[in-house]
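# Survey of secondary and tertiary structure
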There are 2 protein chains.
Amino acid sequence: MDTVTSAQVINKEGLLKHWQGHRNLTRRVIEAFPEKELFGFSIGGMRPFSQLAMELLSIGGPAMESIVKNESSPYSEEAFLLSTKEQILARWDEQTAVIATYFNQLPTERFSESFNLFGQYAFPIIENIFYFIDNEIHHRGQGYVYLRALGIEPPMFWERD
Amino acid sequence: MDTVTSAQVINKEGLLKHWQGHRNLTRRVIEAFPEKELFGFSIGGMRPFSQLAMELLSIGGPAMESIVKNESSPYSEEAFLLSTKEQILARWDEQTAVIATYFNQLPTERFSESFNLFGQYAFPIIENIFYFIDNEIHHRGQGYVYLRALGIEPPMFWERD
């Protein structure tokens, strides 16, 4: 084996740190919602932010686990049907740790391999992971509008610690 | 020079393709707004989507140019104060090409280097670039809520061609 390290756009640790930074910010957005509005408020027929959070919970950790185990299973929100903000935040923290555990087990060599996520989205693993992050940013952006419409100042976009 | 290529999480071409895919989707969101609502509609005191698009125009291309030229200049929206959807879409296409030109000139070695973006955000270049992409996804997510509130079906999130 050659030990030369080529310059890289980003390494594995950097990408996980980036993702976890986004998860920290999304956690703050969940926290910013009053309990009632987290479950009941929405605009234009979209889902309340609690349901968007449950979707994000159903993707990140479960998807990383299935990628690492190379077992494609169907998408399901069943394990994350939650009814209080406290429950959502607790599962959020739990899944942040799950993501880190499996992400760290994924060899760099596999990022360019195709994986049939949830039995229906066959893309390179890096594209799957970008989807998890992008989908979180996308839904969180919706959450910012909900908060503004409720007269609540959302957390700063660039705060990720 | 060693010609061994180490496995990478993502390569330069892949990251540009990812970004350009997001730009294609954002372009569709701009197009989906009726002219009047693009400039006049907003929720909760936020900016109309035209102003968010002008912010995005003021970041991507100009920032990539300043990174490649290693010249940090202050953030300004002055070059992108536009008043019709047609103008915004034309400048969007122009800046998509500008981004590709400068992105391709940036050596992979520089992605981990720090750059003081707009004279005030000193971060590794890869983090700057992720910020450009993430900020676009974030504001576009807001645009989705505006469209839904207007009774307009937004484009599919996963369509990037």
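The shown structure was predicted, so the numbers you read here are calculated from the model rather than taken from an experiment. (Residues numbered from 1 in each chain as written. Chains lettered and ligands numbered in written order. Predicted model: local features only at pLDDT ≥ 70, side-chain atom pairs only at ≥ 80, totals over all residues.)

What follows concerns the overall build of chain A. Within chain A, the secondary structure is distributed over five helices and two strands. The C-alpha atoms of chain A give 17 Å as radius of gyration, which agrees with the globular expectation for 161 residues (15 Å, within 12%). Each principal axis of the C-alpha atoms in chain A carries an extent, and together these give about 60 × 35 × 25 Å. When burial is assessed residue by residue, chain A has 34% of its 161 residues classed as buried. Long-range pairs, those at least 24 residues apart, make up 70% of the contacts in chain A between residues at least 6 apart in sequence. (Helix = DSSP H or I, 4+ residues; strand = E, 2+ residues; numbered from the N terminus. Rg over C-alpha atoms; globule rule 2.2 N^0.38 Å. Buried ≥ 20, exposed ≤ 12 C-beta atoms within 10 Å, placed from the backbone. Contact = placed C-beta atoms within 7 Å.)

Turning to helix 4 (residues 85-105) of chain B, a few remarks are in order. Residue and element names in this part refer to chain B. Helix length check: helix 4 (21 residues) gives 30 Å between terminal C-alpha atoms against 30 Å at 1.5 Å per residue, within 8%. Burial in helix 4 covers these residues: Ile-88, Trp-92, Gln-95, Ile-99 and Phe-103. One side of helix 4 carries all its buried residues, which in axial view fall inside an arc of 80°. For helix 4, the exposed residues lying more than 90 degrees away from the buried face are Glu-86, Ala-90, Asp-93, Glu-94, Ala-97 and Asn-104. (Expected span 1.5 Å × (residues − 1). Arc of directions from axis to C-beta.)

As a further point, take the relation of the copies chain B and chain A. Overlaying chain B with chain A gives an RMSD of 0.0 Å, the required rotation being 180° about an axis along which the chain moves by 0.0 Å. Both copies of the chain, as the preceding transformation shows, are related through a two-fold rotation axis. Comparing interface residues between copies, 100% of those in chain B also sit at the interface in chain A, which points to an isologous, same-surface contact. (Least-squares fit on C-alpha atoms with pLDDT ≥ 70 in both.)

Glancing now at the interface of chain B and chain A. Interface size is commonly expressed as the accessible area that is lost once the parts come together. Counting residues at the interface gives 34 residues for chain B, matched by 34 residues for chain A. If you list the elements that add at least two residues to the side of chain B that touches chain A, you get helix 1 (12-32) and helix 5 (125-149) of chain B. Per-class residue counts for the side of chain B that touches chain A are 15 nonpolar, 13 polar and six charged. (Nonpolar A, V, L, I, M, F, W, Y, C, P; charged D, E, K, R; others polar.)

Let us look at the pairing of strand 2 (residues 121-124) of chain A. All names here are of chain A. Examined bridge by bridge, strand 1 (residues 114-117) and strand 2 share four bridges and lie antiparallel to one another. Along strand 2, the bridge assignment pairs Asn-116 with Ala-122. Counting the residues that bridge the hairpin from strand 1 to strand 2 gives three residues, and of these Phe-118 lies at a positive phi of roughly 55°. (Pairing = 2+ DSSP bridges.)

Let us now look at the environment of A:Lys12. Here A:Lys12 is to be found in helix 1 (residues 12-32). The exposure class assigned to A:Lys12 is partly exposed, which follows from the 17 C-beta atoms found within 10 Å. Taking the C-alpha atoms as reference points, A:Lys12 and A:Tyr146, separated by 134 residues in sequence, lie 33 Å from one another. If we ignore the near neighbours within four places in the chain, the residues touching A:Lys12 are A:Thr108 and B:Val9.

Before going further, it helps to examine helix 5 of chain B. Counted at 1.5 Å a residue, the expected span for helix 5 of chain B with its 25 residues is 36 Å, and the 36 Å between its end C-alpha atoms agrees. The buried count for helix 5 of chain B comes to 19 of 25 residues, which makes it a mostly enclosed element.

All names here are of chain B. One can describe the packing of helix 3 (residues 49-69) onto helix 5 by two numbers: an axis separation of 10 Å at closest approach and a directional angle of 165°. If you check the angle between helix 3 and helix 5, you find them roughly antiparallel. In this structure, the crossing between helix 3 and helix 5 has a hand that is left-handed. Mapping the contact onto sequence places Phe-49, Leu-52, Leu-56, Ile-59, Gly-60, Ala-63 and Ile-67 in helix 3 and Ile-125, Asn-128, Phe-132, Asn-135, Glu-136, His-139, Gln-142, Gly-143 and Tyr-146 in helix 5. Residues belonging to the contact of helix 3 with helix 5 are distributed by class as follows: nine nonpolar, six polar and one charged. (Axes fitted to C-alpha atoms, helices over the stretch in contact; angles between N-to-C directions. Parallel < 35°, antiparallel > 145°, perpendicular 65-115°, else oblique. Left-handed = near helix turned anticlockwise from the far one by under 90°.)

Time to look at the packing of helix 5 (residues 125-149) of chain A against helix 5 of chain B. Axis separation between helix 5 of chain A and helix 5 of chain B bottoms out at 7 Å; the angle between their running directions is 50°. Relative to helix 5 of chain B, the element helix 5 of chain A is oriented oblique. As for how helix 5 of chain A packs across helix 5 of chain B, the hand of that crossing is right-handed. Facing helix 5 of chain A, whose interface residues are A:Asp134, A:Ile137, A:His138, A:His139, A:Arg140, A:Gly141, A:Gln142, A:Tyr144 and A:Val145, helix 5 of chain B presents B:Asp134, B:Ile137, B:His138, B:His139, B:Arg140, B:Gly141, B:Gln142, B:Tyr144 and B:Val145.

Chain-level pLDDT for chain A is 95 on average; 97% of the residues reach the 70-or-more range. Across the whole predicted complex the pTM is 0.96, and at the interface the ipTM reaches 0.95. (pLDDT = per-residue confidence, 0-100.)

Let us now look at unusual backbone geometry. Most peptide bonds take the trans configuration, and most residues that are not glycine carry a negative phi. Even without being a glycine, A:Asn70 presents a positive backbone phi close to 55°. Since 9 C-beta atoms lie within 10 Å of it, A:Asn70 is described here as exposed.

Quick look at the environment of A:Gln51 now. Residues and elements named next belong to chain A. Within the secondary structure layout, Gln-51 lies in helix 3 (residues 49-69). Gln-51 sits in the partly exposed class, given 17 other C-beta atoms within 10 Å. Sequence separation between Gln-51 and Ser-83 is 32 residues; the distance between their C-alpha atoms is 9.9 Å.

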